[in-house]
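Residues per chain are reported as follows:
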Amino acid sequence: MEKTFFIIKPDGVRRGLVGEVLKRIEQRGLQLDRLELRTAPDESLIDKHYEVLVDKDFYPNLRNYMTSGPLVVGVISGSEAISCWRTMMGATNPAQAQPGTIRGDFAQSPEKGKAIENIVHGSDSPESAGREIALWFS
Ligand code: DAT
Ligand code: MG
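Residues numbered from 1 in each chain as written. Chains lettered and ligands numbered in written order. Predicted model: local features only at pLDDT ≥ 70, side-chain atom pairs only at ≥ 80, totals over all residues. Heavy atoms only, no water.

K.L.:
Which residues make up the overall build of the chain, and what values go with them?
P.N.:
Secondary structure summary: the chain contains 7 helices and 4 strands in total. Scanning the chain from its N terminus toward the C terminus, one meets helices and strands in the order β-α-α-β-α-α-β-α-α-β-α. Taken against the 2.2 N^0.38 rule, which gives 14 Å for 138 residues, the C-alpha radius of gyration of the chain at 14 Å falls within 12% of a compact globule. Here the C-alpha coordinates of the chain stretch approximately 40 × 35 × 25 Å along the principal axes. Considering only intrachain contacts with a sequence separation of at least 6, the fraction spanning at least 24 residues in the chain is 76%. Working note: accessible area of the chain is about 7300 Å², and carbon and sulfur atoms make up 49% of it. Charge-centre separation for the chain: the mean point of 17 positive side chains lies 3 Å from the mean point of 19 negative side chains. (Helix = DSSP H or I, 4+ residues; strand = E, 2+ residues; numbered from the N terminus. Rg over C-alpha atoms; globule rule 2.2 N^0.38 Å. Contact = heavy atoms within 4.5 Å. Areas by Shrake-Rupley, 256 points an atom, 1.4 Å probe, with all protein chains shown as cover. Lys, Arg positive; Asp, Glu negative; His and termini not counted. Charge placed at Lys NZ, Arg CZ, Asp CG, Glu CD.)

In structure tokens, the structure reads:
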């Protein structure tokens, strides 16, 4: 059994997609180990979460987006949960995300100069899963 960390980002909560995302996790047979609705996080928490991206030119937009409203955070476990959840999410850029994925079915292409709002986050490796679970559930 592998664990991964996920977020339903502020656009997912705002657009009423929490039930849809959780339904897909359950349908896929992944187990929900932790699940919490959080008020909009502090910028410092997002800076730690996206520590490898803080120097990117798009980072200020990303930080504004991620602190713009409540989000849902959780831990899911299952066989190959990390890659399974990444596949279910779809490509980072909604324009490239396949239909059938969460981003491909629900995310909208970004407006010029705005953050990519793509509904969900998932850890990309066992190391980042461990780091992110400790960061958000310490
Ligand atoms: P992912 O969320 O698919 O793991 P990532 O870790 O590379 O993608 O980036 C984190 C988030 O940052 C991503 O969901 C949207 C935003 N982002 C990534 N690359 C971007 C870019 N080139 N321009 C604008 N936003 C970007
Ligand atoms: Mg990532």
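K.L.:
I'd like a rundown of the UniProt feature "active site" (unreviewed entry) in the chain, residues and numbers included.
P.N.:
The residues that UniProt annotates with the feature "active site" (unreviewed entry) are His121. By the element assignment, His121 lies in strand S4 (residues 120-122). Taking the relative accessible area as the measure of exposure, His121 reaches 8% and is therefore buried. Those residues within four positions of His121 in sequence are excluded, and the remaining contacts are Phe5, Phe6, Ile7, Lys9, His49, Tyr50, Trp85, Met89 and Glu132. Only 3.5 Å separates the side chain of His121 from the side chain of His49, close enough to count as a polar contact. (UniProt positions renumbered as here; feature names shortened; annotations may be inferred. Buried < 20%, exposed > 50% of the residue type's maximum accessible area, 1.4 Å probe, protein only. Polar contact = N/O pair within 3.5 Å; in protein donor to acceptor, adjacent residues only side chain to side chain.)

K.L.:
Outline the site of ligand 1, listing residues and values.
P.N.:
Around ligand 1 lies a shell formed by Lys9, Tyr50, Leu53, Phe58, Leu62, Arg86, Thr92, Arg103, Ile116 and Asn118. The contact in question runs from an oxygen atom of ligand 1 to an N or O atom on the side chain of Thr92, over 2.5 Å. Within the side chain of Arg103, an N or O atom sits 3.1 Å from an oxygen atom of ligand 1. If ligand 1 stood free it would expose 510 Å²; the protein chains cover 72% of that surface. (Near = heavy atom within 4 Å.)

K.L.:
Which residues make up the nonpolar core, and what are the values?
P.N.:
Core analysis: the biggest nonpolar cluster contains 18 residues, and Phe6, Val21, Ile25, Leu30, Trp85, Ile119 and Val120 have the highest contact counts within it. Listing elements by their share of this core, those giving two or more residues are strand S1 (2-8), helix H2 (18-27), strand S3 (71-78) and helix H5 (81-89). Examining the composition of this core, we find that 5 residues originate from one element, H5, more than from any other. One finds Leu71, Val73, Val75 and Trp136 within the second-largest nonpolar core, a separate group that totals 15 residues. (Core = buried A, V, L, I, M, F, W, Y, C linked by side-chain atoms within 4.5 Å.)

K.L.:
Quick one: what's the story with the pairing of S3, residue by residue and with numbers?
P.N.:
The two faces of the sheet receive side chains in turn, since in a regular strand these alternate between them. In terms of burial, S3 is a largely internal element, 8 of the 8 residues being buried. Two elements, strand S2 (residues 31-38) and S3, share 7 bridges in a ladder whose sense is antiparallel. For Arg34, the partnering residue across the bridge sits in S3 and is Val75. (Pairing = 2+ DSSP bridges.)

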